[in-house]
Amino acid sequence: MKKRLLACTLVLTMMASMLAGCGSKEEEAQPEASKEPAAEQTQAPADADAADAADGAKFDKDVTLTFWSPTWHKDADEQVIADFAKLYPNIKIEPTFYSTDDIKTNTKVAASSGTLPDMWYNWGGYNYANYYASADLCYDLSAYAAEHDWENKYVKSALDLCKTDDGKIIAFPQVYTGLVLWYRTDIFDKYGLKVPTTFEELEQVCATLKENGQASFSTGGWHIFRYLEALLEYYAGPEEHDALNALEADWSKSEAVTNAFAKLKDWGDKGYFIDGYVTEDANNAKMYVFSGSSAMVMDNSGMASDVVANGYDTSQYSFFALPTGQDGKTGRISSYVKTTQFNKNLTDDQFEAAMLFWDYYYSDESLAAHASIEQPTAVAGAKLSDSMALADGLLEMIDEAGSYTTTDQNVPNEIMDVVFATEEAVLLGSIEPSQAGAQIQAAIDSYKAANK
């Protein structure tokens, strides 16, 4: 079903994206400062990397590459491009920078008009990277990746999120992160709390915090779904959760869906969330943890740099995975990858130049010289910058626990809008948790009917 939807969603998704930016909300919650060819490839262009340049290797072809990148990468991109030009003066990288919403919209518009740049920033998942693969607009990196051992060069779970259902690699992994519970260690210490390793222990922590007049979770607006998503993983388990997100399982008949909505409502009714959370701005969620009004917030690795940038005591912050597994196991973690994709019409010279650029961008030399490069990178074993030290171990945690693509990168936006509305209706008591699945399934059925 999902493959059939990929082939027919081009026009509808383009129109929706022209109206509003969609998908991963995490960039919107962070300040910008913190932050395949049609024919099968039978031979990948020759390899070269930054180390070759240091040994005097030359690239003697004049090549220009256009590149669309997000504004929060501007400082890093411009610095890296300038230093790369010193190594390879014949390769000209021409960047254009867009806001989160604009880069999503403009690439979809360019896709429809045949004017995509040579390289463009994107996110993984059905709504983003797979969109261009299903329309046969992006370069198939599979042969090159196999020849150059990307499976070991990049974090495996990050690279997996750059693949289509049939295993094609359609994007280059830049940044990889996941959604974990960041918590105030001093608040936990004050009430004698230990990091929970099971779902039952997490609820015990929440109950203790509530008894002491302390909110457990910060959230608001669309960010509330970050908790519902984890609850779906807990109650459904990996197999059913994946089927629900692939629109292959019936949400209206899923007991797990009802249980997840019921538990979210239960947490709200018990006062585990901050006051006024339903109408709170999602962008303010982490501020309640910074102020001590809340003990925990679901957030990505950017929380680490935010703590440092705001001058907070780093010893008072740490993270753990919301326990979604059974039998004492952590359970999978909602994760996403930020990528670059390449135009399927690149010449061999352009592709070779592009790979030289990205090899340099994430080389040890470049990472050491350019502190503004967004982290954690998807490079296996890459050392975190001082400002990101608090996130040390997060990628290893994801790799060990396993991951699933953050839901709103995988489920069509028209359906996600209904999910968000249904979530709010349940929390406000307008509908019962048992009615939530049917409401979402009706949106799914309507979407499928429109995209036959």
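None of the values given here were measured: they were computed from a predicted structure.

**Focus: the overall build of the protein**
So, point 1. If you tally the helices and strands in the protein, you get 21 helices and 10 strands.
So, point 2. Scored against the burial criterion, the 452 residues of the protein give a buried share of 58%.
So, point 3. Per element, the accessible surface of the protein, about 17,900 Å² overall, is 47% carbon and sulfur.

**What to know about the sheet that holds strand E6 (residues 215–218)**
So, point 1. One open sheet accounts for 4 strands, arranged E6-E7-E5-E8; its pairing is mixed. Looking at which strands have only one partner, the edges of the open sheet turn out to be E6 and strand E8 (317–320). Sheet twist, expressed as the average angle between the axes of neighbouring strands with direction ignored, equals 30 degrees.
So, point 2. Relative to the sheet, helix H11 (residues 199–211) contacts strand E5 (180–184), E6, strand E7 (294–299) and E8, its axis offset from that of E7 by approximately 140 degrees.

**Some thoughts on the confidence of the model for the protein**
So, point 1. Per-residue pLDDT for the protein averages 88, and the proportion of residues at 70 or more is 87%.
So, point 2. Contacts of residues 1–26 to residues separated by more than four positions or lying in other chains number 63 contacts, the stretch itself having pLDDT below 50.
So, point 3. The low-confidence segment residues 28–56 (pLDDT under 50) makes 67 contacts with residues lying over four places distant or belonging to another chain.

**Some details on the packing of helix H20 (residues 413–427) against helix H21 (residues 433–450)**
In a packed pair of helices, the relevant descriptors are the angle between the two axes and the axis-to-axis distance.
So, point 1. At a minimum axis distance of 9 Å, the contact between H20 and H21 shows a crossing angle of 165 degrees. Accordingly, the angle class assigned to the pair H20 and H21 is roughly antiparallel. Relative to H21, H20 is oriented so that their crossing is right-handed. Taking contact as the criterion, the partners of Glu-414, Ile-415, Val-418, Val-419, Thr-422 and Val-426 in H20 are, on H21, Pro-433, Ala-436, Gln-439, Ile-440, Ala-443, Ile-444 and Tyr-447.
So, point 2. In the contact of H20 with H21, the residues fall into 10 nonpolar, 2 polar and 1 charged.

**Some remarks on unusual backbone geometry**
So, point 1. The omega angle of the peptide bond from Gln-375 to Pro-376 is 0 degrees, so this bond is cis rather than trans.
So, point 2. The phi torsion at Asp-136 lies on the positive side, around 60 degrees, for a residue other than glycine.
So, point 3. Mapped onto the secondary structure, Asp-136 falls in the loop between helix H6 (129–134) and helix H7 (142–147).
So, point 4. What makes Asp-136 partly exposed here is its relative accessible area of 27%.
So, point 5. Located in the positive-phi region is Asp-149, a residue other than glycine, with phi close to 55 degrees.

**Observations concerning helix H13 (residues 255–269)**
Note on helix geometry: an α-helix contains 3.6 residues per turn, so any two residues three or four positions apart are oriented the same way.
So, point 1. Spanning 15 residues, H13 covers 21 Å between terminal C-alpha atoms, matching the ideal 21 Å at 1.5 Å per step.
So, point 2. Restricting attention to buried positions, one finds in H13 the residues Ala-256, Val-257, Ala-260, Phe-261, Lys-263, Leu-264, Trp-267 and Gly-268. One side of H13 holds all its buried residues, which, seen down the axis, span an arc of 160 degrees. Projecting away from the buried face of H13 at angles above 90 degrees are the exposed residues Glu-255 and Asp-269.
So, point 3. For H13, the elements touching its buried residues are H11, E6, helix H12 (225–245), H20 and H21.
So, point 4. The residue sitting at the N-terminus of H13 and contributing the capping side-chain oxygen is Ser-254; that oxygen lies 3.3 Å from the backbone nitrogen of Ala-256.
So, point 5. Positive phi appears at Gly-271, one or two residues downstream of H13, with a value of about 80 degrees.

**Comments concerning the pairing of E5**
So, point 1. Extensive coverage of E5 is indicated by the burial of 5 of its 5 residues.
So, point 2. With 4 bridges joining them, E5 and E7 adopt antiparallel strand pairing. Each bridged residue has a counterpart across the sheet, and for Leu-181 the counterpart in E7 is Met-298.
So, point 3. Summarising the sheet, E5 and E8 pair through 4 bridges and their orientation is antiparallel.

**Structural notes on the nonpolar core**
So, point 1. Tyr-176, Leu-181, Trp-182, Phe-217 and Met-296 are the most contacted members of the largest nonpolar core, which has 87 residues in total.
So, point 2. Per element, the largest residue contribution to this core is 10 residues, and it comes from H12.
So, point 3. In terms of nonpolar packing, the next biggest core, distinct from the first, is built from 37 residues, Met-119, Tyr-144, Ala-353 and Val-379 among them.

**Remarks on the side chain of Asp-140**
So, point 1. For Asp-140, the location among the structural elements is in the loop between H6 and H7.
So, point 2. For the buried residue Asp-140, which engages in no salt bridge, the nearest side chain bearing the opposite charge is Lys-168, 4.5 Å off.
So, point 3. Side chain to side chain, Asp-140 and Ser-142 meet in a polar contact 2.6 Å long.

**Quick notes on the environment of Asp-359**
So, point 1. Among the structural elements, Asp-359 can be located in helix H16 (residues 348–361).
So, point 2. The buried category is assigned to Asp-359, whose relative accessible area is 12%.
So, point 3. Within the structure, the side chain of Asp-359 is placed 2.8 Å from the side chain of Lys-153, a separation counted as a polar contact.

**Thoughts on the pattern of salt bridges**
So, point 1. Tallying each qualifying case throughout the model produces 21 salt bridges.
So, point 2. The residue Glu-203 makes a salt bridge to Lys-263 at a minimum N-O spacing of 3.0 Å. Linking Glu-203 in helix H11 with Lys-263 in helix H13, this pair joins segments that are 60 residues apart in sequence.
So, point 3. Residue classification places Lys-263 among the buried positions, given a relative accessible area of 15%.
So, point 4. Close ionic contact of Lys-265 with Asp-269 constitutes a salt bridge, the shortest N to O distance being 3.0 Å. Of this pair, Lys-265 and Asp-269 both sit in helix H13, 4 residues apart, which is roughly one turn of that helix.
So, point 5. When its relative accessible area of 56% is taken as the criterion, Asp-269 is described as exposed.
So, point 6. Via salt bridges that share partners, Glu-151, Lys-156, Asp-160 and Lys-163 belong to a single interconnected network.

Rules behind the numbers
Residues numbered from 1 in each chain as written. Predicted model: local features only at pLDDT ≥ 70, side-chain atom pairs only at ≥ 80, totals over all residues. Heavy atoms only, no water. Helix = DSSP H or I, 4+ residues; strand = E, 2+ residues; numbered from the N terminus. Buried < 20%, exposed > 50% of the residue type's maximum accessible area, 1.4 Å probe, protein only. Areas by Shrake-Rupley, 256 points an atom, 1.4 Å probe, with all protein chains shown as cover. Pairing = 2+ DSSP bridges. Axes fitted to C-alpha atoms, helices over the stretch in contact; angles between N-to-C directions. Contact = heavy atoms within 4.5 Å. pLDDT = per-residue confidence, 0-100. Parallel < 35°, antiparallel > 145°, perpendicular 65-115°, else oblique. Left-handed = near helix turned anticlockwise from the far one by under 90°. Nonpolar A, V, L, I, M, F, W, Y, C, P; charged D, E, K, R; others polar. Expected span 1.5 Å × (residues − 1). Arc of directions from axis to C-beta. Polar contact = N/O pair within 3.5 Å; in protein donor to acceptor, adjacent residues only side chain to side chain. Core = buried A, V, L, I, M, F, W, Y, C linked by side-chain atoms within 4.5 Å. Lys, Arg positive; Asp, Glu negative; His and termini not counted. Salt bridge = Lys/Arg side-chain N within 4 Å of Asp/Glu carboxyl O.

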